[in-house]
Amino acid sequence: MRYVPERTLFDDFFNDAFGDRGSVMRTDVYKKDGTYTMCVELPGYQKSDIRLSLYNGVLKISANHTETQEEKDAKGEIVRSERLNGAVSRSFYVGETLRDTDLHASYEDGVLKVTFPTAEKKEAETKKFINID
């Protein structure tokens, strides 16, 4: 017979708060027809929990979530109350030629989808000589 330890309140708390959240923000990036598409998994978050910012060519995706859970007995008295806070963020270099108007984002079924054009390649600078009059 195999020994199975009893579950405690701490087991539930750490599994709920940190169990699935550790795998959050898995990201797939696809390139097709001059456009990048990023699919970022954010299960358990609402659209209002998610923020995107673009600064110096870096796209930052962050999400904050606060949740309160209460369990009551048959008399309506609270027997357990928990407050969970979670925050995640990732940054991606997308190129300094992109502007915020170049990015388009949507959120559905726990997946954030961000599309933007591939960065234009700058021509390599060549040495130029200046004539002296």
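Note that the coordinates shown come from a computational prediction; the quantities given were computed from them, not determined experimentally.

**Digging into the overall build of the protein chain**
Per the secondary structure count, the protein chain includes 1 helix and 7 strands. By residue count, 22% of the 133 residues in the protein chain fall in the buried class. Taking the contacts inside the protein chain whose residues are at least 6 apart along the sequence as the reference set, 49% of them involve residues at least 24 apart.

**Digging into the nonpolar core**
Counting 18 residues, the largest nonpolar core has Met38, Leu42, Ile61 and Leu112 as the members making the most contacts within it. Ignoring sequence-local partners within four residues, the contact set of Ile61 consists of Met25, Met38, Val40, Ile50, Arg51, Leu52, Val88, Ser89, Arg90, Phe92 and Leu112.

**Considering the packing of aromatic side chains**
As enumerated under the stated definition, the model contains 1 aromatic pair in all. Judged by centre distance (5.6 Å) and plane angle (40°), the ring pair of Tyr36 and Phe116 falls under tilted. Here Tyr36 is found in strand β2 (residues 35-41), whereas its partner Phe116 is found in strand β7 (residues 111-117), with 80 residues between them in sequence.

**Details of the sheet that holds β2**
Taking strand neighbours across the sheet as the criterion, the 4 strands line up as β1-β2-β7-β6 in an open arrangement whose pairing is antiparallel. Looking at strand neighbours, the two that pair on one side only are β1 (27-32) and β6 (104-108), the edges of this open sheet. Recorded for the sheet is a direction-independent mean angle of 15° between the axes of neighbouring strands. Examined bridge by bridge, β1 and β2 share 6 bridges and lie antiparallel to one another. Bridged to Asp28 within β2 is Cys39.

**A short note on unusual backbone geometry**
Here Asn56, not a glycine, exhibits a phi torsion of approximately 50°, which is positive. Counting through the fold element by element, Asn56 comes out in the loop between β3 (50-55) and β4 (58-72). The exposure class assigned to Asn56 is exposed, which follows from its relative accessible area of 53%. A positive phi angle, near 55°, is found at Asp109, a position not held by glycine. Tracing the sequence through the fold places Asp109 in the loop between β6 and β7. We classify Asp109 as exposed; its relative accessible area is 74%.

**Considerations on the side chain of His65**
Counting through the fold element by element, His65 comes out in strand β4. Looking at His65, the relative accessible area reads 13%, which means it is buried.

What counts, and where the lines are drawn
Residues numbered from 1 in each chain as written. Predicted model: local features only at pLDDT ≥ 70, side-chain atom pairs only at ≥ 80, totals over all residues. Heavy atoms only, no water. Helix = DSSP H or I, 4+ residues; strand = E, 2+ residues; numbered from the N terminus. Buried < 20%, exposed > 50% of the residue type's maximum accessible area, 1.4 Å probe, protein only. Contact = heavy atoms within 4.5 Å. Core = buried A, V, L, I, M, F, W, Y, C linked by side-chain atoms within 4.5 Å. Phe/Tyr/Trp six-rings, centres within 6.5 Å; stacked < 30°, edge-to-face > 60°. Pairing = 2+ DSSP bridges. Axes fitted to C-alpha atoms, helices over the stretch in contact; angles between N-to-C directions.

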